[in-house]
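Notes for the structure review
These are the residues of each chain, in order.
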Amino acid sequence: MSMHVTPDGKKLVTVIPGDGIGPECVDATKRIIEATGAPIAWEERYAGESVFKQGIASGVPTETIESIHKTRCVLKGPLGTPVGFGEKSANVTLRKLFETYANVRPVREFPGVKTPYSGRGIDLVVVRENVEDLYAGIEHMQTPGVAQCLKLISRKGCEKIVRFAFEFARAEGRKSVACATKSNIMKLTEGTLKRTFEDVAKEYPDIESWHVIVDNCAHQLVKKPEQFDIIVTTNMNGDILSDLTSALVGGLGFAPSANLGNHVSIFEAVHGSAPKYAGKNVINPTAVLGSAIMMLRHLDEFDAAAAIENALLVTLEDGKTRTGDVVGYDKCAKTSEYADEIIRNLGRKSTAWKVREYKPILLPQVTTNPVMVTPKTRRVVGMDYFVEWGGTPEELGKKVEGLVEGLPVVLKMISNRGTKVYPSMGAITDCVDQSRCRLVQRNPDGDLSNADLAAIVTKLGASVNWAHLEKLQEFDGQPGYTKAQGED
Ligand code: NAP
């Protein structure tokens, strides 16, 4: 891992104080790190609300991007996305701009933080894919009343996150990795993660591996969270599961995270800018501090990281100085007093609460070639022709059947929001104004050319307007598309 070292031997970190409670959390964290004597220097840069308000639509100015290119390491407070300024979250922009593909969200039980799960020893990590999935943000209105979001999952993206999860398990001396997917419903997208996980797991026989359907994973996390060690999952599933896991150990004030990539790493709390507490000096900085502990380990400052983690555990165990989310805001310590107490406790170790032994994480080196899967055979067997249609399925079916006469395809079926509605199966479907006509080739052994597809679109498009088109392809004889509900 490359880092920028200053002439006086310090490791340079871009620090973004952030919005709302961000500056209070980041200030407390910096003071604690400085008190350990760790050789860290800060380069302060900005992103988020103040930047949006200057009219920079991305929320991330050039100076911040340049600094991150130089330091390759960021400690970041939460960033708000003010309504009416820019469309995209500056957080997501930062994560995607620097291909920080692994979002690591650990939670563990803390002393003195009472929850319904206290005493059960929760100590788990959600490893969330951070770049792909529905959060790629590719959305369209197919018709005025029907929206679409593309869920893109690549073999390469899955391989990176799965290998990362296993390497992370080894670095932390963990025993098992569970892969949580919805592959039973989304066989191609979520299924790609499951299949990749099963392939890659064979290379890590020292780590137990198992698959769990994501909804059951949520259920199991509430019922018996101590059974989990590492959970690897897709972007949106990971977003939801990791908020759930933070609640198991005392809430967002205790949930750190790291966004790791092969070039840049960004360390930040899971929580947002909690504007109602901004400037009151009452919030819990543990989540940002925990993120900084991960950062120190990433920068090979294992001793400073362990010293802070020990001091944090001792402070919570002593219970003299506690934050409002733990004891209530009427009788809590100030954020700055909590930080002072952690600084006073540097050098102390708890006997009952242990700090894990860590080794550096080996970031997986996956090929830079964009093409990861090369089938021996491929052919185009049809087309899904999505239309804006306000009439009945029967009217549409008859019309399309007439239009495809003389073309190399037939109409196999029409579906509405994924359920077959033509030929009718007698299902009760509340149709919307967007339908999919599945056109398959007349010659079962053929391979439709682009000219064939263009001719189909031209002829049908003259009277049934298309909203979206998809090729139906086969790779190595396997269909690269799924059936509609009810399709045979
Ligand atoms: P939030 O800022 O995470 O706050 C939600 C609630 O969580 C707070 O009201 C508070 O609960 C609790 N909380 C959060 N951080 C805490 C801390 N350090 N100490 C104690 N309690 C804490 O979520 P939000 O209100 O939905 O979002 C506010 C803004 O943050 C939005 O603009 C959003 O886009 C942004 N955001 C940024 C990030 C990021 O930068 N990575 C992440 C999420 C959201 P109680 O009210 O129960 O006390």
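So, here's what we can say about the structure. As the structure is a computational prediction, the values presented were derived from the model and not from experiment.

1. Some words on helix H7 (residues 214–223)
Inspection of H7 places Val214, Cys217, Gln220 and Leu221 among the buried residues, and these make up the whole buried set. Axial view of H7: buried residues confined to an arc of 105°, hence all on one face. In this structure, the buried residues of H7 make contact with strand E5 (123–129), strand E8 (176–181), strand E9 (208–213), strand E10 (230–233) and helix H8 (235–248).

2. Structural notes on the packing of helix H1 (residues 22–36) against helix H9 (residues 286–298)
At their nearest, the axes of H1 and H9 sit 9 Å apart, and the two run at 45° to each other. Here H1 lies oblique to H9, going by the angle between them. Here the hand of the crossing between H1 and H9 comes out right-handed. Residues Cys25, Val26, Thr29, Ile32 and Ile33 of H1 touch H9, and the partners they reach there are Val288, Leu289, Ala292, Met295 and Leu296. The class makeup of the residues in the contact of H1 with H9 is nine nonpolar, one polar and no charged.

3. Considering unusual backbone geometry
Look at the link from Tyr422 to Pro423: it is a cis peptide, with omega at -10°. Turning to its location among the elements, Pro423 is positioned in the loop between strand E15 (419–422) and strand E16 (434–441). A positive phi angle, close to 70°, is found at Asp133, a residue other than glycine. Residue Asp133 is classed as buried on the basis of its relative accessible area, which comes to 0%.

4. Notes on the layout of surface pockets
Here the second largest pocket defines a volume of roughly 750 Å³. The wall of the second largest pocket is formed by 38 residues, among which Phe168, Glu172, Met294, Arg297 and Tyr358 lie closest to the centre. Where the lining of the second largest pocket is concerned, the elements lending two or more residues are strand E4 (102–108), helix H5 (155–171), strand E11 (256–260), H9 and helix H10 (302–318). Broken down by element, the lining of the second largest pocket gets its largest block of residues, six residues, from H9.

5. What about the sheet that holds E11?
The sheet built from ten strands is open, its strands ordered E2-E1-E3-E12-E11-E4-E5-E10-E8-E9 with mixed pairing. Looking at which strands have only one partner, the edges of the open sheet turn out to be strand E2 (40–44) and E9. Neighbour-to-neighbour, the strand axes of this sheet turn through a mean angle of 25°, independent of strand direction. For E8 and E9, the ladder comprises six bridges, and the chain directions are parallel. Each residue of the ladder has a partner; that of Thr181, found in E9, is Ile213. The sheet strands contacting helix H4 (residues 90–97) are strand E1 (11–16), strand E3 (73–76), E4, E5, E11 and strand E12 (265–269), and the helix crosses E12 at an angle near 155°. Each of E8, E9 and E10 is contacted by helix H6 (residues 189–201), which is oriented at about 160° to E8, the strand it contacts most.

6. Focus: the sheet that holds strand E13 (residues 378–388)
The strand order across the open sheet built from six strands is E15-E14-E16-E13-E17-E18, with neighbouring strands paired in antiparallel fashion. The strands lining the two open edges of the sheet, one partner per strand, are E15 and strand E18 (478–479). Sheet topology places strand E14 (residues 409–416) next to E15; three bridges connect them, and they run antiparallel. Paired with Asn416 across the bridge in E15 is Thr419. In the packing of helix H13 (residues 393–403) onto the sheet, contacts are made with E13, E14, E15 and E16, and the angle to E15 comes to roughly 70°. On the sheet, helix H14 (residues 450–461) packs against E13, E14, E16 and strand E17 (466–475) and is oriented at approximately 15° with respect to E13.

7. Some words on the site of the ligand
As a structural note, the neighbourhood of the ligand is formed by 23 residues, with Leu79, Gly272, Ala274, Lys276 and Tyr277 the closest of them. Between Gly272 and the ligand, the recorded distance is 2.7 Å, taken from a backbone N or O atom to an oxygen atom. For the ligand, whose unbound accessible area comes to 880 Å², protein coverage reaches 64%. Its residues placed into classes, the shell around the ligand shows ten nonpolar, eight polar and five charged.

Basis of the calculations
Residues numbered from 1 in each chain as written. Predicted model: local features only at pLDDT ≥ 70, side-chain atom pairs only at ≥ 80, totals over all residues. Heavy atoms only, no water. Buried < 20%, exposed > 50% of the residue type's maximum accessible area, 1.4 Å probe, protein only. Helix = DSSP H or I, 4+ residues; strand = E, 2+ residues; numbered from the N terminus. Arc of directions from axis to C-beta. Contact = heavy atoms within 4.5 Å. Axes fitted to C-alpha atoms, helices over the stretch in contact; angles between N-to-C directions. Parallel < 35°, antiparallel > 145°, perpendicular 65-115°, else oblique. Left-handed = near helix turned anticlockwise from the far one by under 90°. Nonpolar A, V, L, I, M, F, W, Y, C, P; charged D, E, K, R; others polar. 1 Å grid on protein atoms, 1.4 Å probe; cavity = no way out; pocket = protein on both sides within 12 Å on 5 of 7 lines; lining within 4 Å. Points joined across faces, edges and corners; volume = space filled by probe spheres on them. Pairing = 2+ DSSP bridges. Near = heavy atom within 4 Å. Polar contact = N/O pair within 3.5 Å; in protein donor to acceptor, adjacent residues only side chain to side chain. Areas by Shrake-Rupley, 256 points an atom, 1.4 Å probe, with all protein chains shown as cover.

Nothing here speaks to function; it is all geometry.
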